[in-house]
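Close look at the chain arrangement
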Amino acid sequence: QYMGYQPSSIVIEMARSNDKKERKDDRKKFLTKLYENIRGEIDNYHYLLEELKNYDQYKEDKINPEKLFLYFIQEGKSLYSGNSLNIEDLETYEIDHIIPQILIKDDSIDNKALVFQEENQRKAANFVLPEEYRKMSIQEWWKHLLDNKLISHKKYNNLRRSYYRDEEIAGFINRQLVETRQITKHVANILQD
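Residues numbered from 1 in each chain as written. Predicted model: local features only at pLDDT ≥ 70, side-chain atom pairs only at ≥ 80, totals over all residues. Heavy atoms only, no water.

Overview of a negative patch on the surface
On the surface, a cluster of negative charge is made up of E60, D61, E88 and D89. Within the fold, D89 resides in the loop between α4 (65-73) and β1 (94-97). Among the residues examined, D89 registers a relative accessible area of 33% and is labelled partly exposed. (Patch = residues over 30% accessible without salt bridge, like charges linked within 9 Å, V, L, I, M, F, W, Y side chains within 5 Å. Areas by Shrake-Rupley, 256 points an atom, 1.4 Å probe, with all protein chains shown as cover. Salt bridge = Lys/Arg side-chain N within 4 Å of Asp/Glu carboxyl O. Lys, Arg positive; Asp, Glu negative; His and termini not counted. Charge placed at Lys NZ, Arg CZ, Asp CG, Glu CD. Helix = DSSP H or I, 4+ residues; strand = E, 2+ residues; numbered from the N terminus. Buried < 20%, exposed > 50% of the residue type's maximum accessible area, 1.4 Å probe, protein only.)

With respect to the side chain of E75
Structurally, the position occupied by E75 is in the loop between α4 and β1. No salt bridge forms around the buried E75; measuring N to O, its nearest opposite-charge neighbour K77 is 4.3 Å away. Excluding its chain neighbours within four sequence positions, the residues that come into contact with E75 are Y35, I42, N44, L48, W141, H144, L145 and L150. (Contact = heavy atoms within 4.5 Å.)

Comments concerning the packing of helix α1 (residues 27-37) against helix α2 (residues 45-53)
At a minimum axis distance of 11 Å, the contact between α1 and α2 shows a crossing angle of 160°. The angle between the axes of α1 and α2 places the two elements in the roughly antiparallel class. As for the relative orientation of α1 and α2, their crossing is left-handed in sense. Here K28, L31, T32, Y35 and E36 of α1 lie close against α2, whose contacting residues are Y45, L48, L49, L52 and K53. (Axes fitted to C-alpha atoms, helices over the stretch in contact; angles between N-to-C directions. Parallel < 35°, antiparallel > 145°, perpendicular 65-115°, else oblique. Left-handed = near helix turned anticlockwise from the far one by under 90°.)

Regarding the confidence of the model for the protein chain
A low pLDDT means the predicted coordinates there should not be read in detail. Mean pLDDT over the protein chain stands at 83; residues scoring 70 or higher make up 89%. The least confident element of the protein chain, judged by mean pLDDT, is helix α8 (residues 166-192) at 74; the most confident is strand β2 (residues 112-115) at 96. (pLDDT = per-residue confidence, 0-100.)

A few points about the nonpolar core
One finds F72, L79, Y80 and W142 to be the most contacted residues of the largest nonpolar core, which totals 40 residues. Those elements that place two or more of their residues in this core are α1, α2, α3 (55-60), α4, β2, α6 (136-147) and α7 (153-160). For W142, the residues in contact, after removing those within four places along its chain, are L79, L129, Y133, R134, I151, Y156, L159 and R160. (Core = buried A, V, L, I, M, F, W, Y, C linked by side-chain atoms within 4.5 Å.)

Shown next as structure tokens:
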């Protein structure tokens, strides 16, 4: 409307990571395969496997797919306390950004945790998890999740982190500013063109 004519094409440049890209199965198949490989490692394996069979029904019931996925990769427990979650109450739980979005705009599964509302409120916008969330028994469970490929090294390290140096915080902010400047330049170029 502003240009007065339709563009012949639109190109969107996406930021890329250095990670090797692999095509993933849908989440249910991914989780089923993962669970089969770690059968003896999960305490409530049979219960979770039964719930996983109803994955498609939960999706049809309009349960938040991200919460559903986090529920299963966290073995049906809050990532901060290790306390059991009820799949029927998924909508009452909250997704928290482990590294707050005021530091980094990471909205990936690697930066998200399904937790009880009060745990999320307790953490608030702290850069790291409160000390009581990082007790040894929870860290052992996080290590179990890591060893069984339910969480990534990045997520594991961010959960365990006890502080950020001032330089790291400045680095987060500088990267966000650089990205914002680049986006602004792109928009200016689009408008100029």
